[in-house]
Amino acid sequence: MGAITERIDNTTRIAPERLKPALPAPRSVKIEVSPRCNYRCGFCALRSREVQPKWDMDFGLFRRITREMREAGVEEIGVFYLGESFMNPRLLVDCIAWLKQELGMPYVFLTSNASMAFPEAVEECMKAGLDSLKWSVNAADEAQFEKIMGVSGRLFHRALDNLKAAWAVRHAKGYATGLYASSIQYDGEQQARMEQLLAGHVRPYVDEHYWLPLYSMGAFATQREEDLGYRPTAGNQGRIGALREPLPCWSAFTEGHVTADGRLSACCFDATAHWTMGDLTTMSFMEAWNSPAFVGLREAHLAKDVRGTVCEKCVAYG
């Protein structure tokens, strides 16, 4: 098992000592640097976002909440959540530099669709100290890319070019950033086509590739998924090879998720603000992490009865 899958499994595995309503700080937090994305993926929660943050993350707010997180014991920060962070490369680089050089955050990671990750920006991220950069690769060819991602096929080729360029930059300059890729595991012919793409254009340029199930994204993209012929799995069960039970959902216990406007969410797919547990513009991270709303939701998860909660309609329990 490689470096990134081991970290993922450590996050999606709820240790026995964390099966409590009120908790110490999570080891990992994802923070949305930009709520914007240049893709319109049919399976993504961002498509159905009802409450769209109007601005990218305020850097002053970012500095304050990440300092609180580090002091509380957070060890890993993802500089992304729902949006594509390379939509604001200057802010992204500044956030990475702050985390690594000012806070001494042990591990800083990023997931990107690669289409906006031009080599100059990727190099600046690596230079600032980014530990892990993972590419999401979920279409086998240009035609499928246009159907699923909902944008011009030119971006399909640009993403693959940027992925290869990142590998070349890292090796030319000797940066320590790990390069990874993940893909949704489809069925039948589509899976075979994905394997062909990965063998020629992705796996040679990453340290590790792994598979993900097709998530339901909190049950808010289900109609689009049906239109595209997908059958999503229940909730967020982690990666293929280490799937987790839907209840209690690890997302509420082991990892924080912060939107660009500073809201702490209990859900890793919260495009609707329905899972907001606290507003970090008016309260500290730990106050929000153990807010009455969050403690109550965790109690329901621990009882494996989420009826009457915001999690009730998740496909995991439908």
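Note: the structure precedes this text.
In this report, we go over the structure that sits alongside the text. What you see is a predicted model, and the numbers here were worked out from it, not measured in a lab.

**Section: the packing of helix 6 (residues 154-173) against helix 7 (residues 188-202)**
Between helix 6 and helix 7, the shortest axis-to-axis distance is 11 Å and the interhelical angle comes to 45 degrees. When the axis of helix 6 is compared with that of helix 7, the two are oblique. Residue-level inspection shows F156, L160, L163 and K164 of helix 6 in contact with helix 7, the latter providing L197, H201 and V202. Here the contact of helix 6 with helix 7 is built from residues that sort into five nonpolar, one polar and one charged.

**Re the pattern of salt bridges**
The final tally for this structure, using the stated rule, is 14 salt bridges. For E124, the salt bridge identified is with K127, shortest N-O distance 3.2 Å. One end of the pair is E124 and the other is K127, both in helix 4 (residues 119-128) and three residues apart, which spans about a single turn. Residue class for K127 comes out partly exposed when judged on its relative accessible area of 48%. In the salt-bridge network here, residues are joined through shared partners; they are R7, R27 and E76.

**Digging into helix 5 (residues 142-149)**
Along helix 5, the residues classified as buried are Q144, F145, I148 and M149. Taken down its axis, helix 5 places every buried residue within 105 degrees of arc, on the same side. Between a side-chain oxygen at the N-terminus of helix 5 and the backbone nitrogen of A143 the separation is 3.3 Å; the capping residue is D141. With its phi angle positive at about 70 degrees, G150 sits one or two positions after the end of helix 5.

**Some details on the sheet that holds strand 8 (residues 263-265)**
Two strands in a sheet stick together by hydrogen bonds in their backbones, pointing the same way (parallel) or opposite ways (antiparallel). Pairing is mixed in the open sheet, where nine strands are placed in the order 6-5-4-3-2-1-7-8-9. The outermost strands of the open sheet, each flanked by one partner alone, are strand 6 (208-212) and strand 9 (276-279). Each strand axis lies, on average, 25 degrees off the axis of its neighbour in the sheet, ignoring direction. The pairing of strand 7 (residues 255-258) with strand 8 spans two bridges and is antiparallel. Bridge assignment links H257 to a residue of strand 8, and that residue is S265.

**Description of the pairing of strand 6**
When you tally the buried positions in strand 6, you get five out of five residues, the bulk of the element. Burial of the side chains of strand 6 extends over both faces: E208, Y210 and L212 are buried on one face and H209 and W211 on the other. When strand 5 (residues 178-184) meets strand 6, the two strands line up parallel, connected through five bridges. Each residue of the ladder has a partner; that of I184, found in strand 6, is L212. Considered for its hand, the β-α-β crossover made up of strand 5, helix 7 and strand 6 is right-handed.

**Some remarks on the packing of helix 2 (residues 59-72) against helix 3 (residues 89-102)**
Running from N to C, helix 2 and helix 3 cross one another at 25 degrees; their axes reach a closest spacing of 11 Å. In terms of orientation, helix 2 and helix 3 fall into the roughly parallel class. Once helix 2 is placed against helix 3, the crossing between them reads as right-handed. Contact with helix 2, carried on its side by F59, F62, R63, T66 and R67, involves L91, D94, C95, W98 and L99 of helix 3 and no other residues of that element. Across the contact of helix 2 with helix 3, the residue classes break down as six nonpolar, one polar and three charged.

The rules we used
- Residues numbered from 1 in each chain as written.
- Predicted model: local features only at pLDDT ≥ 70, side-chain atom pairs only at ≥ 80, totals over all residues.
- Heavy atoms only, no water.
- Axes fitted to C-alpha atoms, helices over the stretch in contact; angles between N-to-C directions.
- Helix = DSSP H or I, 4+ residues; strand = E, 2+ residues; numbered from the N terminus.
- Parallel < 35°, antiparallel > 145°, perpendicular 65-115°, else oblique.
- Contact = heavy atoms within 4.5 Å.
- Nonpolar A, V, L, I, M, F, W, Y, C, P; charged D, E, K, R; others polar.
- Salt bridge = Lys/Arg side-chain N within 4 Å of Asp/Glu carboxyl O.
- Buried < 20%, exposed > 50% of the residue type's maximum accessible area, 1.4 Å probe, protein only.
- Arc of directions from axis to C-beta.
- Polar contact = N/O pair within 3.5 Å; in protein donor to acceptor, adjacent residues only side chain to side chain.
- Pairing = 2+ DSSP bridges.
- Right-handed = clockwise from strand over helix to strand, strands pointing away.
- Left-handed = near helix turned anticlockwise from the far one by under 90°.

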